[in-house]
Amino acid sequence: MVRSWLPVWLCLLLALLCAGIAARSHYRTDMGDFLPHAHSLAQQALDAQVSSGGASRILMLSIEGAPPAALAQLSLGLGARLRRNPAFVAVLNGDDAAMAGVQAFVWGHRYLLSADSTPALFTVAGLRAALQNDLTLLASDFGAAAAQSLPADPTGAALSLAQQLDAAAGHGPETQDGAWFSPDGRSALLLLRTAAPGFDIDAQAKVLALIRQDFASLRAAVPGAQQARLRESGPGVFAVDTRDVTKRDVSRLSILATAGAVLFLLIAYRSPRVLLLGLLPVACGALAATAAVSLAFGFVHAITLGFGVTLIGEAMDYSIYLLTQTLKGDRADRTLARIWPTLRLGALTSIAGFCTMLLSDFTGFAQLGLFSVAGLLGAAGVTRFVLPVLVPDGFFASGAAGIGAPLRLLLRWQQPARSVLVVLLAAAVIALAAHRGPIWDDNLLNLSPLSPATQALDQRLRHDLGVPDTRYFIAYRAPSMDQALETSEQMQTVLAPLVTEKIIGGYDLPSLVLPSDRTQRARLDALPDDATLHAAFMQAISGLPFRPDSFVPFFKDVARARAGGLLTEASLPALLSLRLQSMLMPSGHGWTVLAPLQNVADAARLDASLKAALPAGAVLVDLDRQSTDLLHTFQREAVTLAVAGSLAILVLLFVGLHSPRRVLAVAGPVGAAVILTAAILTLGGKLSIFMVAGFLLIVALGSNYCLFFARGDQAPEERARALASIMLANLCTVAAYGLLSLSHIPVLHDIGLTVAIGTFLCLVCGAAFSAPAADRRG
């Protein structure tokens, strides 16, 4: 036979090109990438908190396992080191130095920031009331602190502003030896805000490494701290841990799945050379898929890459069908000519099924679809044009004959097997119909790769540190930053009464950090000139036990504020700037505000109170409800796309087989396997959203088996080799997906478990319900 090596060289060139793209691709593990594009304000609020919101930058640390004095030294030492690193915007641990920059800023700009800066405050009556309040404060337990600020701030602007900002930010834990401690006194606590958002996993990994390195150094130096241990939590920790678990699972399971497939293929082929050739479609398909996803989306998600393990299930099937069905003394190119119509139809049905996933609004789901389509196209192309050139003449899979024995036995007992399956199928239908409650799992925690212990630690640290609840937000859009700040100021008049009525515990607004230009100008205009202020102050102090010359700093600060300009975002210290950015962010052609509400006591009353009071366009966002609604949307879309994919496969079968009876012979066993699989999975609980992709894979893979079962133009020897190829393909598939079900990542586990069970049942149902040999020729 004269061989044309052009397809081989073209394949090598394309493989090198795809490998180059894959090597330069950006890989992510952020679960926010699996969310749909945010269209509504509520969706944007959810997306912001998952990815770039202020909550995503929080790291919570707990130092445990040492005497309190040693824990305090570790906390203060670690805090001092981390504050010198630009990777941290804020390091809070009870040390007064942590807030020095913010305190200096608030003090220096108190008249622009304080809502009390009105013309009435600087009248004789207003100043006298403030001085009388100072007398009361001096006689209280706070007298010593008040005496220090009184000469420069007799109006109490800084104190009022500090209380306002502290209330919005939440309250810290109890302090011991100058450091924050948990209520039981066993843990020193730190709250960090990183410069990098939580979704920047590389940056978060470097931050965690830096924290651990500094902690280890301090632990060795602090007496009595040798047994101390550091525990971390927060979105950045979760992102890094998830990436590490995903990488570990993908690497480990890929190696095991490949090793299992290699073992089965070596038994069948008994030729290392042909074994490597059989893996060629898988390798080329994976490279093509990775390159396609990278070019289309600009990045490849780690879960999408992990899904490449599933290509072993079907992409390897193509080479198995070719190599195993090659008869003794025959050539691979002749075998391909004989089986290609069936193989082509099987590949097209699978590709058609996965194509529907490309229509998903969920980026991750669309990536999975494109990865599968590109991978299967690449694998089918290599099987069709490259393998026949490379397979040596005279190759015969001598070890495959015994592999088909279980199928031959099942076909011998076909009628009893069919009867048993009919009974089981009826029971499955009844069980699914009688299933009580929802069949889909709506618990988002069950979809998380985080362990219960990790989730419990996060909840404990949030409670101990007093991190405000971030479930409820007020969201609205504005065409400019300043208009967003003006609306924020209107919002304050709506929210303040809700705190008084104890409907909410508190709130935060961007205008509390940076007032609008209009408000700042009004406050500047409220500041009187030197002569007017001095005259009013002298009248106000008359008869009070204060020396007028003690308040020279007050007059200087007012004059300095009057001469200064307006504050901008660039004027803010880092911690306040981050706080502003977490609530006020650019979006499209305008700005979006997400203002958090804290400690909501009565959600129903809150909703009722805000409906009529909120400014036009503002909405109340419940992130828990949004997450649940998003999951329901994902469920509906996934089921719709899976049904559409199955219908596309059915249409292709009608086009390719030209016979309703033959279509039923292929589709019937696959449908039975899907029903049985769903019933088995519901015995262990509810179905997860990820299992929908698994059902689509069952249809795609199972239809290939049943297409070969339904062929009616085979001689006995060809039939025996076909059964061996089906059995070998199924062994590789069940092994690969069975290993995938061992993953700690829910999406990989659920898909692996579903497909492992479903494809095995497709094999059994396909054999049991296939037409007897005498009927297949009819």
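Residues numbered from 1 in each chain as written. Predicted model: local features only at pLDDT ≥ 70, side-chain atom pairs only at ≥ 80, totals over all residues. Heavy atoms only, no water.

1. Overview of the confidence of the model for the protein
(1) Moving on: For the protein, the average pLDDT comes to 85, and 91% of its residues sit at 70 or higher.
(2) Moving on: Element-level pLDDT for the protein is lowest in helix α32 (residues 773-776), with a mean of 47, against a maximum mean of 94 in helix α22 (residues 517-526). (pLDDT = per-residue confidence, 0-100. Helix = DSSP H or I, 4+ residues; strand = E, 2+ residues; numbered from the N terminus.)

2. Quick word on the packing of aromatic side chains
The description of an aromatic ring pair uses the distance of the two centres, along with the angle that the planes make with each other.
(1) Moving on: Scanning all chains against the criterion turns up eight aromatic pairs.
(2) Moving on: On the numbers, 5.4 Å between centres and 85° between planes, the contact of F537 with F555 is edge-to-face. In this pair, F537 sits in helix α23 (residues 530-541) while F555 sits in helix α24 (residues 552-563), placing the two residues 18 residues apart along the sequence.
(3) Moving on: For F555, a relative accessible area of 16% puts it in the buried group.
(4) Moving on: Arranged with centres 5.8 Å apart and planes meeting at 80°, the rings of F546 and F551 form a pair that is edge-to-face. (Phe/Tyr/Trp six-rings, centres within 6.5 Å; stacked < 30°, edge-to-face > 60°. Buried < 20%, exposed > 50% of the residue type's maximum accessible area, 1.4 Å probe, protein only.)

3. Details of the pairing of strand β2 (residues 58-64)
(1) Moving on: Of all the seven residues making up β2, seven are buried; the element is thus mostly covered by neighbouring parts of the structure.
(2) Moving on: Burial of the side chains of β2 extends over both faces: I58, M60, S62 and E64 are buried on one face and L59, L61 and I63 on the other.
(3) Moving on: Sheet topology places β2 next to strand β7 (residues 229-233); five bridges connect them, and they run antiparallel. What sits directly across from E64, in β7, is R229. (Pairing = 2+ DSSP bridges.)

4. Concerning the pattern of salt bridges
When the charged atoms of two side chains with opposite charge come close together, those side chains can pair.
(1) Moving on: As enumerated under the stated definition, the model contains 22 salt bridges in all.
(2) Moving on: With its nearest N and O atoms 4.0 Å apart, the salt bridge here joins E64 to R231. Residue E64 is located in strand β2, and its partner R231 is located in strand β7; the two are separated by 167 residues in the primary sequence.
(3) Moving on: A residue is classified by how much of its surface remains accessible, and E64, at 6% relative accessible area, is buried.
(4) Moving on: You can call R231 partly exposed: its relative accessible area is 33%.
(5) Moving on: What emerges from the salt-bridge pattern is a single network uniting E64, R229, R231, R460 and D464. (Salt bridge = Lys/Arg side-chain N within 4 Å of Asp/Glu carboxyl O.)

5. Re unusual backbone geometry
(1) Moving on: Not every positive phi belongs to a glycine, and K502 is a case in point at roughly 60°.
(2) Moving on: Looking at the element boundaries, K502 is found in the loop between α20 (481-500) and β10 (506-507).
(3) Moving on: For K502, a relative accessible area of 69% corresponds to the exposed category.
(4) Moving on: One non-glycine residue, H658, adopts positive backbone phi at about 60°.
(5) Moving on: Inspection of the secondary structure puts H658 in the loop between α27 (623-657) and α28 (660-683).
(6) Moving on: Accessibility expressed as a relative area gives 68% for H658, which makes it exposed.

6. Concerning the packing of helix α17 (residues 405-412) against helix α31 (residues 746-769)
(1) Moving on: Taken N-terminus to C-terminus, the directions of α17 and α31 make an angle of 45°; their axes are 8 Å apart at the nearest point. Considering the angle they form, α17 stands oblique to α31. Considering only the axes of α17 and α31, their crossing is right-handed. Of the residues in α31, those in contact with L407, L410 and L411 of α17 are L763, V764 and A767.
(2) Moving on: A class-by-class count of the residues in the contact of α17 with α31 yields six nonpolar, no polar and no charged. (Axes fitted to C-alpha atoms, helices over the stretch in contact; angles between N-to-C directions. Parallel < 35°, antiparallel > 145°, perpendicular 65-115°, else oblique. Left-handed = near helix turned anticlockwise from the far one by under 90°. Contact = heavy atoms within 4.5 Å. Nonpolar A, V, L, I, M, F, W, Y, C, P; charged D, E, K, R; others polar.)

7. A few points about a nonpolar patch on the surface
(1) Moving on: Residues V639, V643, L647, L650 and F654 make up a contiguous nonpolar surface patch of about 390 Å² in total accessible area.
(2) Moving on: With respect to the element layout, F654 can be found in helix α27. (Patch = residues over 30% accessible without salt bridge, like charges linked within 9 Å, V, L, I, M, F, W, Y side chains within 5 Å. Areas by Shrake-Rupley, 256 points an atom, 1.4 Å probe, with all protein chains shown as cover.)

8. Comments concerning helix α30 (residues 716-740)
(1) Moving on: The end-to-end C-alpha separation of α30 is 36 Å, in line with the 36 Å expected for 25 residues at 1.5 Å each.
(2) Moving on: Among the 25 residues of α30, 18 are classified as buried, and the element is accordingly described as predominantly covered. (Expected span 1.5 Å × (residues − 1).)

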